[in-house]
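Coordinates in review
So you can see what is in the structure, the chains are spelled out below.
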Amino acid sequence: YVPQPLQEMSSFLHTELLAWLTGTQLALVLRSLPLSGGESNGFAAWRTLCEKEERMDPAAQVAVLHELLHPEFESAEGGWRQGWVEWEAKLARHAPLLGSLGDAVRIGIVRARAPDLLRN
């Protein structure tokens, strides 16, 4: 038996993960174990994602950090804005690896890559 408030939180978390994740992370969420009633289990999906992040070898961690600290917003299929949105989602996805990336650092990264019209 899972109490109703926990079922609702689990379902909400699962829905958010589905909305934000892509690629291998999305596949992990889709394969996560369901709750006893067959409903989506956001807690199990989150646990699986965290375990995967923690198992990353150091070389992969460095590659992810480099990609997050040196994003190429313009190379995104939808342009600069879409690249920025995707970068924010990647930051959220890799939060356990990054720790807390302060607002000043995030603003600095975005501002350095912003189109001239937005910078001035």
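Up top you'll find the structure we're talking about.
Notes on the structure follow. Along each chain, the written sequence defines residue order, and numbers are assigned to residues from 1. Since the coordinates come from a predicted model, pLDDT governs what is reported: local features require at least 70, and pairs of side-chain atoms require 80 or more to be given and counted, while whole-chain, interface and lining totals use all residues. Side-chain metrics in this entry use all non-hydrogen atoms of the structure; hydrogen atoms and water are not considered.

What about the nonpolar core?
- Ranked by size, the top nonpolar core spans 13 residues in total, and within it L68, W87 and L91 carry the most contacts.
- Strands here mean DSSP runs of E at least two residues long; helices mean DSSP runs of H or I at least four residues long; both are numbered from the N terminus. If one sorts the elements of this core by residue count, helix α5 (residues 80–93) sits on top with three residues.
- Contact between two residues is taken to exist if any of their heavy atoms lie within 4.5 Å; hydrogens are not considered. Non-local contacts of W87, meaning those with residues more than four positions away in its chain, are made with L68, P71, F73, R106, I109 and V110.
- In these notes, a set of buried Ala, Val, Leu, Ile, Met, Phe, Trp, Tyr and Cys residues joined through side-chain atoms within 4.5 Å is what counts as a nonpolar core. Accessible area is worked out with a 1.4 Å probe on protein chains only. A residue is then buried under 20% of its type maximum, exposed over 50%, and partly exposed in between. Counting six residues, the second largest nonpolar core, distinct from the first, contains L21, L28, V29 and A45.

Topic: the packing of helix α2 (residues 23–30) against helix α3 (residues 42–54)
- Comment: axis = line fitted to C-alpha atoms, over the contacting stretch for helices; angle = value between 0 and 180 degrees taken between N-to-C directions. The interhelical angle for the contact between α2 and α3, taken along N-to-C directions, is 140°, at an axis separation of 8 Å. In terms of orientation, α2 and α3 fall into the oblique class. Note on packing geometry: the crossing formed by α2 with α3 is right-handed. Contacts between α2 and α3 involve T24, Q25, L28 and V29 from the first element and A45, T48, L49, K52 and E53 from the second.
- Gly counts as polar in this scheme, as do all residues outside two lists: the nonpolar Ala, Val, Leu, Ile, Met, Phe, Trp, Tyr, Cys and Pro, and the charged Asp, Glu, Lys and Arg. Within the contact of α2 with α3, the residues separate by chemical class into four nonpolar, three polar and two charged. The scheme is simple: roughly parallel for angles under 35 degrees, roughly antiparallel for over 145, roughly perpendicular for 65 to 115, oblique for anything else. Should the near helix be turned anticlockwise from the far one by less than a right angle, the crossing is termed left-handed; should it be turned clockwise, right-handed.

Some points on the pattern of salt bridges
- Just to be clear on terms, a salt bridge is a Lys or Arg side-chain nitrogen sitting within 4 Å of an Asp or Glu carboxyl oxygen. Under the defined criterion, the tally for this structure stands at two salt bridges.
- K90 is the partner of E67 in a salt bridge, and the nearest nitrogen-oxygen pair spans 2.7 Å. Of this pair, E67 sits in helix α4 (residues 58–69) while K90 sits in helix α5, and the two are 23 residues apart along the sequence.
- Take E67: its relative accessible area is 40%, and that puts it in the partly exposed class.
- A salt bridge links R106 to E88; the shortest N-O distance between them is 2.1 Å.

What about the environment of G102?
- Note on placement: G102 falls in the loop between α6 (95–98) and α7 (103–113).
- Accessibility expressed as a relative area gives 31% for G102, which makes it partly exposed.
- Considering only alpha carbons, one finds G102 and A76, 26 residues apart in sequence, at a separation of 24 Å.

Points about the environment of P96
- With respect to the secondary-structure elements, P96 resides in helix α6.
- You can call P96 partly exposed: its relative accessible area is 46%.
- C-alpha separation for the pair P96 and Q7, spaced 89 residues apart in sequence, amounts to 24 Å.

Here's the deal with the side chain of H14
- Assignment of secondary structure puts H14 in helix α1 (residues 4–20).
- Excluding anything up to four places from it in sequence, H14 contacts V29, S32, S40, N41, G42 and A45.

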